[in-house]
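So you can see what is in the structure, the chains are spelled out below.
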Amino acid sequence: MKVHETRSQAHQSEEKKVTRKQKAESKSQDSSSPKKAKTEEGTGPEDGKSMADIRAEFEKFCKTITDHLSVKQMREILEANGQYSAGDDDAVVLRCEDIMFFGPLENCPICGGKLECAGDSYHCIGDYSEWSSCIYSTREPSRRDESLKLPKSVESTPISDLIKKRGDTKKSRPRRELSAPTKPFDGMMISLAGRLTRTHQYWKSEIEKQGGKVNNSVTGVACLVVSPAERDRGGSSKVAEAVEKGVPVVREAWLSDSIKKEKAQPLDAYDIASDIAVEGKGIPLDKMDPSAEALETIRSELEVFGKRGVHRDTKMQDEGARILEKDGLLYNCALSVCNQKNNLNDFCIMQLIMSPENHLHMYYRKGKIGDSLRADDKLEERENVDDAIKEFARLFEELTGNEFESWEREKKIQKKHHKFFPIDIDDGLEVRHGALGLRQLGAAAAHSKLDPHVANFMKVLCSQEIYRYALMELGHDSPEIPIGMLTDLHLRRCEETILQFVEKVKTMKETGQAAEGVWYEFSQKWFTLLPSTRPFTFRDYADLAEHAASAYETVRDINVASRIIEDMSGSTLDDPLFERYKKLGCTVSPLEKESDDYKMIVNYLEKTYEPVRVGDVSYGASVENIFAIELSACPSIDEIKKLPNKVLLWCGTRSSNLLRHLQKGFLPSVCSLPVSGYMFGRAIVCSDAAAEAARYGFTAIDRPEGFLLLAVASLGKEIREFPTPPEDTLDLEEKKIGVKGLGRKKTDEKEHFVWKDDIKVPCGKLIPSEHKDSVLEYNEYAVYDPQQVSIRYLVAVKFDEQGVVYDAAEPEQ
């Protein structure tokens, strides 16, 4: 209703004149700069005039036209000259004043849309594509070399001659000088501490771009940016020092929000002391620090559902209600849209629900992703089924611009500008809901017929927490959208989107804002297909690897886990862990700690491991258990032995990806990117350094358990070595040539040995290599045929914080 009212107010009577407020704002918009006026050259008849003279003339001109023209007439002038004429009255006045004095604006050079004068710059209000708005902006726009066109309503006014004279192309127009925009961190010194969602180097670069500087100490800084996890574990010495000196300690969101809003936000609003106790406060997930968000999503009862699942908020699922299915159509939709420029990151859920008593209800839920408490939520009973179906189809078409039946029957869909896009959900229950909590799993493990070590291992893999944490870390943790229950069709669409964009970037000729537009468009498309509580704009290959390729692979593997685990919450099986274990089609056997293989693996880990650094903290790794693995999806050890150049190598993975690895073996990387893990294209990538694998297996400060895999890989008859990323990986992929990427560190070859006939174990302490300029820190090995890789061992490790001394608790008085 507010939007409708604003629009109606914008089209009031023709006789309405500009208000004093509008005049004042018009003047303040172009108020003179305190800098000494300069004389501009090359302005034709305006030569010799200073910028101060031009501004004074502009203000006088503005006063004259606002005294004689209505807002409606100004809109007509904009329309007659092909300019943007929508929006509120004040914006129309500023736009009209601008083009009448300085000349009509050319269209956007990137998308062809119209430009809008907005304060200190000109912004495009057009669309780059159906997926995103255009983000072009400039302080010096191109202007049309043509006289101003006047509508009939203005021709008859007393000032028409003045306007025509001012808009005559024979009279050179002056250049408009806009005041330089301030940057949010101008003059600020900021300090960083602990594990943040982005690296310290990333934030240092961003802070410096925004006018600030980063200081390692807290002396003389405006604030210290940390994670709330710092307070949970007692706080680092840096935090303690900041508190002692009265330096504000704020959460990371202060940085991102200040940059996004182009203004330093109030520090008090981001104080870390008020960020932990989020329960009951209704803080949207995108406004929380990820650590606090993790606590909130783990604690909450999620609302995720599958294609046939009735939404939990309807309270009808326990009554035996079901999703309506008629004539082969299932009336359940999850929709998403992301367009950061327009502040859109929304979801919509629509369901037709039939109760056991055959009463039909329509459920509609729409809101911002991660802010469920403020969502528009409706559950209405419908008397007529056909009318309810028509209303459902009407809403779907209104939201997406497509017909529901075409989508549901044939999956035909075309993204429309500013419209939602369907998230194609599969049958079943997502692991965040279907899997069990730790207490239930503890009882299941205690009574399982599996070996106790294997039962505890399966308990971890069937736990809701590892999947919730994984999705939280990726920002795909909205309780509304079941990301862990996507169809294969939707996952293929996501994969194709990555591959197409990677190829586009590699051959891209655009530069500057045109290139930024390409990245921005992909970002909006990506976060529409895989909704996130924290969407952002991808800017480089590292972002693509971490937040698109790796995120996609994790979501894909979690989808496999959902199908393996299914609904354990209502399981009546005597041994649910054993039933899930059988689905894997593999054997998992604990190694005796006194066995030679166990000792060899521990030695291999210790020799090739270096502490994982997260901010200022380092983490060592200790072995908890080692399991021998036999996968039906992988070649056996006897089959691998027949192949040439076999090496025992480390592979890191998230705990949430393990079920898929155990059931199906390794899959090649989704794409080729010039960064670690992806620089050899669509390959299975391993390393001879446990330190490299630990980067992927490392979980989080508050969840120290993780897993590393050991696999025997045959590199084939021909092995190629690369100190830099290969320009083209297609030849390597097609010929399935084994690859060794040479890192800045290597394992000491003097300590290498052969194990089990002729399998090489590159176990040796890490030493500097001769490839000091390599993009890789450690050696990486790429294999392109999954049948040349066999997972042999799974190593359960615990990541221990190093060099931390905890104060003993003082006795109570």
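All figures in this text were calculated on a predicted structure; none of them were measured in a lab.

A few words on the overall build of the chain. Tallying secondary structure elements over the chain gives 27 helices and 31 strands in all. When each of the 813 residues of the chain is scored for burial, the buried share is 52%. Taking the contacts inside the chain whose residues are at least 6 apart along the sequence as the reference set, 71% of them involve residues at least 24 apart. In the form shown here, the chain has an accessible surface area of approximately 37200 Å², with 47% of it arising from carbon and sulfur atoms.

Turning our attention to the nonpolar core. Phe457, Trp526 and Trp650 are the most contacted members of the largest nonpolar core, which totals 131 residues. Counting residues per element, this core draws most heavily on helix 21 (residues 541-565), at 11 residues. Among the nonpolar cores identified, the runner-up in size contains 32 residues, and Val93, Leu105, Leu150 and Ile163 belong to it.

Look at helix 18 (residues 464-474) against helix 21: their axes get within 11 Å of each other, and the N-to-C directions meet at 160°. Viewed along their axes, helix 18 and helix 21 adopt a mutual orientation that is roughly antiparallel. Viewed along their axes, helix 18 and helix 21 form a crossing whose handedness is left-handed. Packed against helix 18, whose contacting residues are Tyr467, Ala470, Leu471 and Leu474, the element helix 21 presents Ala551, Thr554, Val555, Ile558, Ala561 and Ile565 at the interface. For the contact of helix 18 with helix 21, a count of residues per class yields nine nonpolar, one polar and no charged.

What follows concerns the packing of aromatic side chains. Applying the stated criterion to the full structure yields 23 aromatic pairs. Between the aromatic rings of Phe392 and Phe404, the centroid separation amounts to 5.0 Å while the plane-to-plane angle is 75°, which identifies the pairing as edge-to-face. On the criterion of sequence distance, the pair formed by Phe392 in helix 13 (residues 385-400) and Phe404 in helix 14 (residues 404-410) is long-range, its members being 12 residues apart. On the basis of relative accessible area, Phe392 is assigned to the buried category, the value being 1%. A relative accessible area of 4% places Phe404 in the buried class. Here a set of aromatic residues connected by ring pairs shows up, and it is made of Phe501, Trp519, Phe522, Trp526, Phe527, Phe536 and Phe538. Stacked on the ring of Phe536, the Lys or Arg Arg198 has its end atom at 5.1 Å from the ring centre.

Rules used in this analysis
Residues numbered from 1 in each chain as written. Predicted model: local features only at pLDDT ≥ 70, side-chain atom pairs only at ≥ 80, totals over all residues. Heavy atoms only, no water. Helix = DSSP H or I, 4+ residues; strand = E, 2+ residues; numbered from the N terminus. Buried < 20%, exposed > 50% of the residue type's maximum accessible area, 1.4 Å probe, protein only. Contact = heavy atoms within 4.5 Å. Areas by Shrake-Rupley, 256 points an atom, 1.4 Å probe, with all protein chains shown as cover. Core = buried A, V, L, I, M, F, W, Y, C linked by side-chain atoms within 4.5 Å. Axes fitted to C-alpha atoms, helices over the stretch in contact; angles between N-to-C directions. Parallel < 35°, antiparallel > 145°, perpendicular 65-115°, else oblique. Left-handed = near helix turned anticlockwise from the far one by under 90°. Nonpolar A, V, L, I, M, F, W, Y, C, P; charged D, E, K, R; others polar. Phe/Tyr/Trp six-rings, centres within 6.5 Å; stacked < 30°, edge-to-face > 60°. Lys NZ or Arg CZ within 6 Å of the ring centre and 35° of its normal.

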